[in-house]
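Coordinate analysis (summary)
So you can see what is in the structure, the chains are spelled out below.
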Amino acid sequence: MSRLGASFRDPSGFVFGRDGALYRQVNRVFADEFEACTSSGLYDALVQDGMLVAHRPADPSLALTPEAYAVIEPDRVPFISYPYEWCFGELRDAALLTLDVQLRALERGFVLRDASAYNVQFVDGRPVFIDTLSFERYRDGQPWAAYKQFCEHFLVPLMLMARRDVRCGLLLREHLDGIPLELGSALLPRRTWAEPSALLHVHLHARAQRKYADAKVSSVVGARRMSKSALVTLIGNIRSTVQRLDWRPAGTPWADYVDGTNYSEAAAESKARIVRRFLERTRPCVVWDMGANTGVYSRVAREIAPLVVSFDIDPAAVERNYRTVRERGETGLLPLVLDVANPSPALGWAHRERMSLAERGPADTVMALALVHHLAIAGNVPLDHIAAYFAQLGRTLVIEFVPKSDSQVERLLRNRPDIFADYSRDGFERAFRRHFIIEECQPVADAERVLYRMTTDGASTA
Amino acid sequence: MYIDPAAGSLILQVVAAAALSVFAFVGRARRKTREFFSSILNRRRE
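One numbering rule holds for all chains: residues counted from 1, following each sequence as written. Throughout, the order in which chains and ligands are written sets their labels, letters from A for the former and numbers from 1 for the latter. With the structure being a predicted model, the display of local features is reserved for residues of pLDDT at least 70 and the display and counting of side-chain atom pairs for 80 or more, all residues being used for whole-chain, interface and lining totals.

1. Some points on the overall build of chain A
Each helix and strand in chain A was counted, giving 16 helices and 16 strands. Atoms counted for the radius of gyration: C-alpha only. Globule rule: 2.2 Å times residue count to the power 0.38. Taken over C-alpha atoms, the radius of gyration comes to 24 Å for chain A, in line with the 23 Å a tight globule of 462 residues would show. Referenced to the eigenvectors of the C-alpha coordinate spread, the extents of chain A come out at roughly 75 × 60 × 40 Å. Across the 462 residues in chain A, those meeting the buried criterion constitute 45%. Contacts spanning at least 24 positions in sequence make up 69% of the contacts within chain A whose residues lie at least 6 apart. Working definition: helices are DSSP H or I runs of at least four residues, strands are E runs of at least two. Numbering for both runs from the N terminus. Partly exposed residues are those falling between the two cut-offs: more than 12 but fewer than 20 other C-beta atoms within 10 Å of their own, whereas 20 or more means buried and 12 or fewer means exposed, with C-beta atoms placed from the backbone. Contacts here follow a simple rule: the backbone-placed C-beta atoms of the two residues must lie within 7 Å.

This is the structure in structure tokens:
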């Protein structure tokens with residue numbers, strides 16, 4: 001029985017776990033708003049359209065503290081991901097969802113009281129709003145209190161990714177409450193001062209922030225009111241700004257990696273066949289595909305596993321993967337940006353607000369195809385360290401060993417001395433046997449590579 | 001309200017929303033005017 005590490009800022013309620021189930025406690029201070037929202041039909045309408053996570057009333061005696069008014073049980077999100085792990089398209093879709101939820105709420109006389117990117121999760125290839133307590137009744141004339149938060153969580157990162165460099169999205173890992181407006185304004189190219197939307201929502205917004213930093217809201221806003229239609233116009237303008245932002249995923253080495261790989265068609269088919277057979281042996285529910293590139297083998301895994309999380313370091317490869325998910329309407333496949341050599345750490349207050357990658361596991365199966373040579377040779381990570389970390393992440397492992405004679409490894413060693421004496425098939429098996437039992441291995445046809453299926457069951461993890 | 005709405009942000013959005021509403025109104029008025037005159041011209045051609 002415990003309160004979730006990230007759920008403490010909002011006094012209206014919090015999320016907690018009990019006996020393996022997840023609940024949300026609604027506190028008495030928020031009872032009126034919660035009842036008004038429930039009876040308005042807003043929750044039902046949003047859930048019906050797949051915009052809000054569904055919830056059921058739960059036994060109030062499950063409440064964790066005496067301030068409880070009600071307890072609800074939301075549907076579980078299969079894998080929690082964070083904005084700093086999303087590609088451009090995912091962050092943009094999350095932003096559009098937040099604005100659409102806001103517009104739908106306004107139609108029924110409600111408004112979003114916050115616009116945190118952490119209120120969105122991805123389920124079955126689509127963004128879903130997860131914070132049931134984010135709605136409050138709209139009061140005539142009131143501006144949107146979460147406008148700044150929306151800009152810092154969504155608009156500034158998206159503009160930086162689209163106009164400056166897509167890797168700016170990683171700034172969200174440092175700035176958990178969004179990229180500050182003045183930082184965004186300073187980092188954006190000068191030409192964006194000529195773009196009305198960037199000028200208004202970022203540059204002038206940052207200036208206004210600075211000018212009125214010490215002002216009291218009531219003394220500044222005073223009698224100024226904002227009609228509902230003006231608010232809807234503002235939200236509509238932000239929405240079209242977000243929708244117009246675009247980024248083309250091309251030109252990075254990884255986005256074109258599958259096309260430029262040294263695999264023959266026969267080898268690629270053989271590899272897919274072996275991966276499928278290995279996964280059929282254990283029939284995992286959750287697979288983490290590390291270094292998934294554009295998700296070719298994630299889709300092979302998805303034929304067997306209900307959920308595949310498809311990680312890659314390259315934002316362009318992840319973007320292409322995500323666009324494929326959206327275009328084909330694929331479910332159970334979640335592409336995320338992640339550097340296996342520097343995975344997402346635990347972050348936030350007391351390191352408990354945002355979970356590290358390992359805390360979100362272990363997965364039933366970790367796949368590491370055509371990855372180990374990058375970690376061991378390009379990243380200088382000893383094989384034993386790689387094996388130990390993978391044993392922490394998953395119960396079983398499907399891994400590909402790429403020998404030094406492979407052209408991809410030769411390329412990595414082209415301009416540096418070969419200091420990797422242990423990087424051989426023997427050295428690889430020796431290192432991984434310390435953490436796994438090697439269940440089977442199979443050479444890939446028409447290639448020098450070998451695929452292994454390993455399990456941690458019974459293996460020493462020392 | 002449990003987040004800081006920030007005074008600068010509130011004042012900017014009040015001004016911005018007013019300006020955007022004016023632009024939207026002018027845009028709608030221009031479109032309607034154009035539609036009105038083009039319908040008259042079309043009727044004359046017929």
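Here the narrative resumes, following the displayed structure.
2. As for the overall build of chain B
Helix and strand counts for chain B stand at one helix and zero strands. By its C-alpha atoms, chain B is 65 × 15 × 5 Å across when sized along the principal axes. Residues counted as buried form 26% of the 46 residues belonging to chain B.

3. Comments concerning the nonpolar core
All names here are of chain A. Nonpolar core, as used here: buried Ala, Val, Leu, Ile, Met, Phe, Trp, Tyr and Cys residues forming one set through C-beta atoms within 7 Å. Of all hydrophobic cores here, the largest spans 139 residues; its most connected members are Leu-155, Ala-301 and Ala-368. In terms of residues, this core owes the most to one element, helix 4 (residues 147-163), which gives eleven residues. Residues in contact with Ala-301, not counting those within four places in the same chain, are Val-275, Leu-279, Val-287, Asp-289, Val-308 and Met-367.

4. Points about the pairing of strand 16 (residues 450-455) of chain A
On a regular strand, each side chain points to the face opposite its neighbour's, so the side chains alternate between the two faces of the sheet. Residues and elements named next belong to chain A. In this description, strands pair whenever DSSP reports at least two bridges between them. Bridge count for strand 14 (residues 394-401) against strand 16 is six bridges, and the pairing is antiparallel. Counterpart to Ile-399 in the pairing with strand 16 is Tyr-452. Note: strand 15 (residues 437-443) against strand 16, six bridges, orientation antiparallel. Across the sheet, residue Cys-441 finds its bridge partner in strand 16, namely Tyr-452. Linking strand 15 back to strand 16 in an antiparallel pair, the connection comprises six residues, with Asp-446 at a positive phi of about 60°.

5. Focus: the confidence of the model for chain B
Confidence of the predictor at the level of single residues is captured by pLDDT, which takes values from 0 to 100. Taken over all residues, the pLDDT of chain B has a mean of 85, while the share at 70 or more is 98%. Both scores are available for the predicted complex, with the pTM at 0.93 and the ipTM at 0.77.

6. Focus: helix 14 (residues 383-393) of chain A
All names here are of chain A. Listed in full, the buried residues belonging to helix 14 are Leu-383, Ile-386, Ala-387, Phe-390, Ala-391 and Leu-393. Down the axis of helix 14, the sector holding all buried residues measures 160°, keeping them to one side. Among the structural elements, strand 10 (286-290), strand 13 (363-368), helix 13 (372-378), strand 14 and helix 16 (425-433) are those in contact with the buried residues of helix 14. By definition, the arc is the one covered by directions from the helix axis to the C-beta atoms.

7. Some details on the sheet that holds strand 1 (residues 2-3) of chain A
All names here are of chain A. Here we have five strands laid out as an open sheet, ordered 1-2-3-5-4, and antiparallel in their pairing. Edge positions in the sheet fall to strand 1 and strand 4 (55-58), since each of these pairs with one other strand and no more. Relative to strand 5 (residues 68-74), strand 3 (residues 21-27) is paired through four bridges, and the arrangement is antiparallel. What sits directly across from Asn-27, in strand 5, is Ala-68.

8. Considerations on the packing of helix 3 (residues 88-107) of chain A against helix 9 (residues 228-244) of chain A
All names here are of chain A. Angles here are taken between N-to-C directions and fall from 0 to 180 degrees, while the axes themselves are lines fitted to C-alpha atoms, restricted in helices to the stretch in contact. Contact pair helix 3 / helix 9: the axes reach a minimum separation of 10 Å and the direction vectors enclose 165°. On the basis of the axis angle, helix 3 is roughly antiparallel to helix 9. In this structure, helix 3 meets helix 9 at a crossing whose hand is left-handed. Contacts between helix 3 and helix 9 involve Arg-92, Ala-95, Leu-96, Leu-99, Gln-102, Leu-103 and Leu-106 from the former and Lys-228, Leu-231, Val-232, Ile-235, Ile-238, Arg-239, Val-242 and Gln-243 from the latter. Working rule for angles: under 35 degrees goes down as roughly parallel, over 145 as roughly antiparallel, 65 to 115 as roughly perpendicular, anything else as oblique. Each crossing gets its handedness from the near helix: less than a right angle anticlockwise from the far helix is left-handed, clockwise is right-handed.

9. Details of the packing of helix 14 of chain A against helix 16 of chain A
Residues and elements named next belong to chain A. Remark: helix 14 packs on helix 16, axes separated minimally by 8 Å, with the N-to-C direction vectors making an angle of 40°. It follows that helix 14 is oblique to helix 16 by the angle criterion. Note that helix 14 runs across helix 16; the crossing there is right-handed. In contact with Leu-383, Asp-384 and Ala-387 of helix 14, helix 16 contributes Gly-427, Phe-428, Ala-431 and Phe-432. Residue polarity follows a fixed list, in which Ala, Val, Leu, Ile, Met, Phe, Trp, Tyr, Cys and Pro are nonpolar, Asp, Glu, Lys and Arg are charged, and the others, Gly among them, are polar. When its residues are assigned to classes, the contact of helix 14 with helix 16 shows five nonpolar, one polar and one charged.

10. Brief notes about the pairing of strand 11 (residues 307-312) of chain A
All names here are of chain A. In terms of burial, strand 11 is a largely internal element, six of the six residues being buried. Residues Leu-307, Val-309 and Phe-311 point to one face of strand 11 and Val-308, Ser-310 and Asp-312 to the other, with burial holding for every one of them. Inspection of the sheet shows strand 10 paired to strand 11 by five bridges, in the parallel sense. Directly across from Asp-289, in strand 11, lies its bridge partner Ser-310. Running through helix 11 (residues 296-302), the crossover from strand 10 to the neighbouring parallel element strand 11 is right-handed. Two elements, strand 11 and strand 12 (residues 333-337), share five bridges in a ladder whose sense is parallel. Across the sheet, Ser-310 pairs through a bridge with Pro-335, a residue of strand 12. By the criterion used throughout, a crossover qualifies as right-handed when its path from the first strand across the helix to the second strand runs clockwise, the strands pointing away from the viewer. Crossover strand 11 to strand 12 through helix 12 (residues 315-328) is right-handed.

11. Regarding the environment of Arg-56 of chain A
Residue and element names in this part refer to chain A. Following the sequence through the fold, Arg-56 ends up in strand 4. Given 8 C-beta atoms within a 10 Å radius, Arg-56 is considered exposed. The spatial distance from the C-alpha of Arg-56 to the C-alpha of Glu-174 is 35 Å, given a sequence separation of 118 residues. The contacts of Arg-56, once residues within four sequence positions are left out, are Ile-72 and Glu-73.

12. A few points about the sheet that holds strand 12 of chain A
Residues and elements named next belong to chain A. If you walk across this open sheet you meet the seven strands as 12-11-10-13-14-16-15, and the pairing is mixed. Bordering the open sheet on either side are strand 12 and strand 15, each of which pairs with just one other strand. Ignoring which end each strand starts from, the neighbouring axes of this sheet average 15° apart. The strands touched by helix 12 are strand 11 and strand 12; relative to strand 12, the strand with the most contacts, the crossing angle is about 160°. Here helix 14 sits on the sheet in contact with strand 10, strand 13 and strand 14, set at roughly 145° to strand 13.

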